[in-house]
Amino acid sequence: GDHVVKGAVLAQLDARSAAISRTEAEANVKSASELLENAQANCQRYGSLLKKGAITEQEYDRQMTSCQTEAASADAARARAAAAAQTLTDSSIRAPFGGVIAERFVHVGDYVHPDTRVVTLLVDDPLRLELTVPEANVSRVKVGLIVTFETVGVPGRTFNATVKYLGGEIRSATRDLVVEAVTENPDHALLPGMFVIAQLPIGVVTLPVVPAKTLIQRDDSNSVFVVENEHLVERVVQLGPKTGDLVAIADGVHRGDHVVVSPPADATDGARVE
């Protein structure tokens, strides 16, 4: 639940062994550097002696090989020192970005591996709102549209988000497009993972409306009874926006249809109406 800034220490590993390793590596660098300096001085002297004919080419080559070996040893020592210093630095696990701690997985005294999860860090300002838009309305959704939404977690409050990302394909199973909008959350009222009810404006249309008590809910669908030729016909409907006790019907009924208000529980499709 804590909010942290980028770079904040989330956990501190026991760094005593890493500190000893770094001290040892730095001492090795100093020793290797001194040996290299001595070897380079000898190489210069051997070069002067070779020019004077005081030593053979073989002796000179042997000393040059020693210089190259000491130089390589010094480079290796510096690399080990850099690795030891990095290990010591990595003992402080820091937040790669600002956010909120959603869950902590380790406690004082736990033994951890490089792949051990320490915390879950979530960005909670801004937040991404994931929406699904039916295929028939995809062409009307554009980047920059303002989405209004509500959530049961924050009752009585309406939030705004701006469409920023559009999916690249229609999902074959659901025939819809995934859309993401971004909303600012400076007071942290919204929490990652919340479900919301969103309104995404795609234009102005005139829809028929029915009283909410005409709707019959069956599993995941809604339907109404319509009177046709003195018989009941049950139609599955797609709901639109709700205003008070009235619900807009996006598909399933048309203006002028006779809809049964408060249908009895035993109403059946095809029943005769007098």
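Every value quoted in this text rests on a predicted model; they were computed, and no experiment measured them.

Undergrad: If you had to explain the overall build of the protein chain to someone new, which residues and values would you point to?
TA: Summing up its helical and strand segments, the protein chain has two helices and 15 strands in all. For 274 residues, the compact-globule estimate of 2.2 N^0.38 gives 19 Å, and the C-alpha radius of gyration of the protein chain, at 37 Å, exceeds that figure by more than 25%. For the protein chain, with 274 residues in total, the buried portion stands at 26%. Residue pairs at least 24 apart in sequence account for 61% of intrachain contacts in the protein chain once pairs closer than 6 positions are excluded. Accessible area of the protein chain: about 18600 Å², with a carbon and sulfur share of 52%. Separation of charge centres in the protein chain, based on 26 positive and 36 negative side chains, amounts to 7 Å.

Undergrad: Quick one: what's the story with the pairing of strand E8 (residues 159-166), residue by residue and with numbers?
TA: Relative to E8, strand E7 (residues 146-150) runs antiparallel, the two sharing four bridges. Its bridge partner lying in E8, threonine 148 is registered against asparagine 160. In the sheet, E8 pairs with strand E9 (residues 176-183) via four bridges, with the strands oriented antiparallel. Within the sheet, the bridge partner assigned to tyrosine 165 lies in E9 and is glutamate 180.

Undergrad: Run through helix H2 (residues 57-90), naming residues and quoting values.
TA: Helical geometry note: an α-helix holds 3.6 residues per turn, so side chains three or four residues apart project in the same direction. Between its terminal C-alpha atoms H2 stretches 49 Å, which fits the 50 Å expected from 34 residues at 1.5 Å a residue. Within H2, the full set of buried residues consists of Gln63, Cys67, Ala74, Ala77, Ala81, Ala84 and Leu88. On its buried face, H2 is in contact with helix H1 (16-52) and strand E3 (92-94).

Undergrad: Would you mind going over the pattern of salt bridges in detail, with residue names and values included?
TA: Within the structure shown, the criterion is met by eleven salt bridges. Among the salt bridges present, the one from glutamate 135 reaches arginine 175, with a minimum N-O distance of 3.2 Å. With glutamate 135 in the loop between strand E6 (127-134) and E7 and arginine 175 in the loop between E8 and E9, this pair connects stretches of sequence that are 40 residues apart. In this structure, glutamate 234 and arginine 218 form a salt bridge, with 2.6 Å as the shortest nitrogen-oxygen distance. Taken together, the positions of glutamate 234 in strand E14 (residues 231-243) and arginine 218 in strand E12 (residues 216-218) put the pair 16 residues apart, joining distant regions of the chain. A network of salt bridges, in which partner residues are shared, links Glu228, Arg235 and Asp257.

Undergrad: Residue-level account of the side chain of aspartate 176, with values.
TA: Looking at the element boundaries, aspartate 176 is found in strand E9. The exposure class of aspartate 176 is buried, given its relative accessible area of 9%. Polar side-chain contacts of aspartate 176 include one of 2.9 Å to the side chain of arginine 171. A polar contact is formed between the side chain of aspartate 176 and the side chain of threonine 174, at a distance of 2.7 Å. Leave out the neighbours within four places in its chain, and aspartate 176 touches Thr132, Val133, Pro134, Glu135, Glu169, Ile170 and Arg171.

Undergrad: Account for the sheet that holds strand E15 (residues 246-251), with residues named and values stated.
TA: If you walk across this open sheet you meet the five strands as E11-E15-E14-E13-E12, and the pairing is antiparallel. Of all strands in the sheet, those with a lone pairing partner are strand E11 (209-211) and E12, marking the two edges. Averaged over all neighbouring strand pairs, the angle between strand axes comes to 55°, with direction disregarded. The sheet contact formed by E11 and E15 spans three bridges and is antiparallel. Residue pairing for E15: valine 210 is matched across the bridge by valine 247.

Undergrad: Go over the packing of H1 against H2 with me, naming the residues and quoting the values.
TA: Closest axis-to-axis distance for the H1/H2 pair is 8 Å, and the angle between their directions is 160°. Relative to H2, the element H1 lies roughly antiparallel. In this structure, H1 crosses over H2, and the sense of that crossing is left-handed. For the contact of H1 with H2, the per-class residue count stands at 21 nonpolar, nine polar and seven charged.

Definitions and cut-offs
- Residues numbered from 1 in each chain as written.
- Predicted model: local features only at pLDDT ≥ 70, side-chain atom pairs only at ≥ 80, totals over all residues.
- Heavy atoms only, no water.
- Helix = DSSP H or I, 4+ residues; strand = E, 2+ residues; numbered from the N terminus.
- Rg over C-alpha atoms; globule rule 2.2 N^0.38 Å.
- Buried < 20%, exposed > 50% of the residue type's maximum accessible area, 1.4 Å probe, protein only.
- Contact = heavy atoms within 4.5 Å.
- Areas by Shrake-Rupley, 256 points an atom, 1.4 Å probe, with all protein chains shown as cover.
- Lys, Arg positive; Asp, Glu negative; His and termini not counted.
- Charge placed at Lys NZ, Arg CZ, Asp CG, Glu CD.
- Pairing = 2+ DSSP bridges.
- Expected span 1.5 Å × (residues − 1).
- Salt bridge = Lys/Arg side-chain N within 4 Å of Asp/Glu carboxyl O.
- Polar contact = N/O pair within 3.5 Å; in protein donor to acceptor, adjacent residues only side chain to side chain.
- Axes fitted to C-alpha atoms, helices over the stretch in contact; angles between N-to-C directions.
- Parallel < 35°, antiparallel > 145°, perpendicular 65-115°, else oblique.
- Left-handed = near helix turned anticlockwise from the far one by under 90°.
- Nonpolar A, V, L, I, M, F, W, Y, C, P; charged D, E, K, R; others polar.

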